[in-house]
Structures are given as C-alpha cells and as structure tokens.
Amino acid sequence: MTDRVRAHVFVSGRVQGVYYRATTRDTAREKGVDGWVRNLEDGRVEAVFEGPEGDIRDMVAWCETGSRAAEVDGVDAEYGEPEGIEGFEVRW
C-alpha cells in the first residue's frame, strides 16, 4: 500500500464564484483523494488533501489551473502527516 500524505493548500487569484470548490471536490473524488475545500473571507480558497503521495501532488498541481473560469495567481502547499480524513467535502 502506498503511504498516505497530507497537503494543506491555499490558492489565490480569481478562485471564488467560478466553481473552483465544486470542481476541486469532483476532481478529488475522481482520484479517490480525501479532504475538504472552502472559501476564505480574504478571497482565497483553502483545501486539504489526503491520500497517496502521487495523487496528492497531482491535486496540488491541478490547483494551479483549477476550474475553467478560475484565474489562479498562486498556490501555497504545505505537506505533512495525514489526519485520517475520509471522503471529500465542500465546507462552508
């Protein structure tokens, strides 16, 4: 079994109101990645991904583009130990 990792990600740019969260959720679920995504009051999107390292790195790379209407300016990711999240959800 592949070792699981965790990425805590902050995405800046035009990433709210452009289906970024929903597309992130759908993409993560397709890959079998666990975690969550939410909008922040400062206009960024925050996400946590847990799963096999390759899939997590793919999700972080995906965040650099995001949904079709998004205009991503930057992605900051911090890697660490997973906390055992199951499933993927949009948080409010």
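Described in the following lines is the structure provided in the data block. (Residues numbered from 1 in each chain as written. Predicted model: local features only at pLDDT ≥ 70, side-chain atom pairs only at ≥ 80, totals over all residues. Heavy atoms only, no water.)

### As for the side chain of threonine 27
Right, on to step 1. Assignment of secondary structure puts threonine 27 in helix α1 (residues 20-31).
Right, on to step 2. Judged by relative accessible area, threonine 27 falls into the buried class, the value being 14%. (Helix = DSSP H or I, 4+ residues; strand = E, 2+ residues; numbered from the N terminus. Buried < 20%, exposed > 50% of the residue type's maximum accessible area, 1.4 Å probe, protein only.)

### A short note on the packing of aromatic side chains
Right, on to step 1. Scanning the entire structure with this criterion turns up two aromatic pairs.
Right, on to step 2. Ring plane angle 50° and centroid distance 5.7 Å describe the contact between tyrosine 20 and tryptophan 62, whose orientation is recorded as tilted. Pair noted here: tyrosine 20 is in helix α1 and tryptophan 62 is in helix α2 (residues 53-63), with a separation of 42 residues, a long-range link. The residues tyrosine 20 and tryptophan 62 share a single accessibility class, namely buried.
Right, on to step 3. Relative to phenylalanine 88, the ring of phenylalanine 49 lies with its centre 6.0 Å away and its plane at 20°, an arrangement referred to as stacked. (Phe/Tyr/Trp six-rings, centres within 6.5 Å; stacked < 30°, edge-to-face > 60°.)

### Structural notes on the pattern of salt bridges
Right, on to step 1. Under the defined criterion, the tally for this structure stands at eleven salt bridges.
Right, on to step 2. For arginine 25, the salt bridge identified is with aspartate 26, shortest N-O distance 3.1 Å.
Right, on to step 3. Among the residues examined, arginine 25 registers a relative accessible area of 23% and is labelled partly exposed.
Right, on to step 4. Among the ionic pairs, arginine 91 bridges to glutamate 89, the shortest N-O distance being 3.0 Å.
Right, on to step 5. You can call arginine 91 partly exposed: its relative accessible area is 33%. (Salt bridge = Lys/Arg side-chain N within 4 Å of Asp/Glu carboxyl O.)

### Some remarks on the sheet that holds strand β2 (residues 34-39)
Right, on to step 1. Across the sheet, five strands lie side by side as β4-β1-β3-β2-β5; this open sheet has mixed pairing. Because the sheet does not close on itself, it has two edges, and the strands there are β4 (71-80) and β5 (88-90). Adjacent strand axes in the sheet meet at a mean angle of 15° when their direction is disregarded.
Right, on to step 2. By the bridge criterion, nine bridges tie strand β1 (residues 4-14) to β4 in an arrangement that is antiparallel. From the neighbouring strand, glycine 13 faces β4, where its bridge partner is valine 72.
Right, on to step 3. Its contacts with the sheet put α1 on β1, β2, β3 (45-52), β4 and β5, and the angle it makes with β5 is roughly 175°.
Right, on to step 4. Of the strands in this sheet, β1, β3 and β4 touch α2, which is tilted by about 155° from β3. (Pairing = 2+ DSSP bridges. Axes fitted to C-alpha atoms, helices over the stretch in contact; angles between N-to-C directions. Contact = heavy atoms within 4.5 Å.)

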